[in-house]
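Observations on the three-dimensional arrangement
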Amino acid sequence: MSFGPVPLDFDRLVAELPSVQSGLALAGGADLELRLACTGPEELRAVSAALLRAGAAHVHVDLVLRALVPARPTLRPVP
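The following paragraphs examine the structure supplied in this document. Not measured: the values here are computed from a predicted model.

**Comments concerning the environment of A15**
For A15, the location among the structural elements is in helix α1 (residues 10-16). With relative accessibility at 66%, the residue A15 sits in the exposed group. Between the C-alpha atoms of A15 and R72, which are 57 residues apart in sequence, the distance is 34 Å.

**Structural notes on the pattern of salt bridges**
A complete count under the given rule lists two salt bridges for this structure. R12 serves as the salt-bridge partner of E16, at 3.1 Å between the closest nitrogen and oxygen. In this pair, E16 and R12 both sit in helix α1, four residues apart, roughly one turn of the helix. For E16, a relative accessible area of 48% translates into the label partly exposed. The residue R45 makes a salt bridge to E42 at a minimum N-O spacing of 4.0 Å. Of this pair, R45 and E42 both sit in helix α2 (residues 41-54), three residues apart, which is roughly one turn of that helix.

**Here we look at the nonpolar core**
Counting residues in hydrophobic clusters, the biggest one holds 10 residues: L8, L13, L17, V20, L32, L34, V47, A50, L51 and A56. Those elements giving two or more residues to this core turn out to be β3 (32-36) and α2. With three residues, α2 is the largest single contributor of residues to this core.

**Remarks on the side chain of S19**
Inspection of the secondary structure puts S19 in the loop between α1 and β2 (20-25). Judged by relative accessible area, S19 falls into the buried class, the value being 3%. Here S19 is in contact with R35, L36, A37, C38, E43 and V47, once residues within four sequence places are set aside.

Conventions adopted
Residues numbered from 1 in each chain as written. Predicted model: local features only at pLDDT ≥ 70, side-chain atom pairs only at ≥ 80, totals over all residues. Heavy atoms only, no water. Helix = DSSP H or I, 4+ residues; strand = E, 2+ residues; numbered from the N terminus. Buried < 20%, exposed > 50% of the residue type's maximum accessible area, 1.4 Å probe, protein only. Salt bridge = Lys/Arg side-chain N within 4 Å of Asp/Glu carboxyl O. Core = buried A, V, L, I, M, F, W, Y, C linked by side-chain atoms within 4.5 Å. Contact = heavy atoms within 4.5 Å.

What follows is the structure in structure tokens.
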């Protein structure tokens, strides 16, 4: 997501949008990345619309289909 002319109030967005799980402030093409847990496409559309109303200049959606979770290392006793 890219900010509009005024930076978004992230704390307020999190309080108003319960689907927001976490966020990152970024440098580069996007200013903010939000991780959402939506119940379906309707909720995702509603969150995107709310972000645009809150002042986001651009909202881009990527769906996470699978997350890589590295295996924990196996600890072996020191001889």
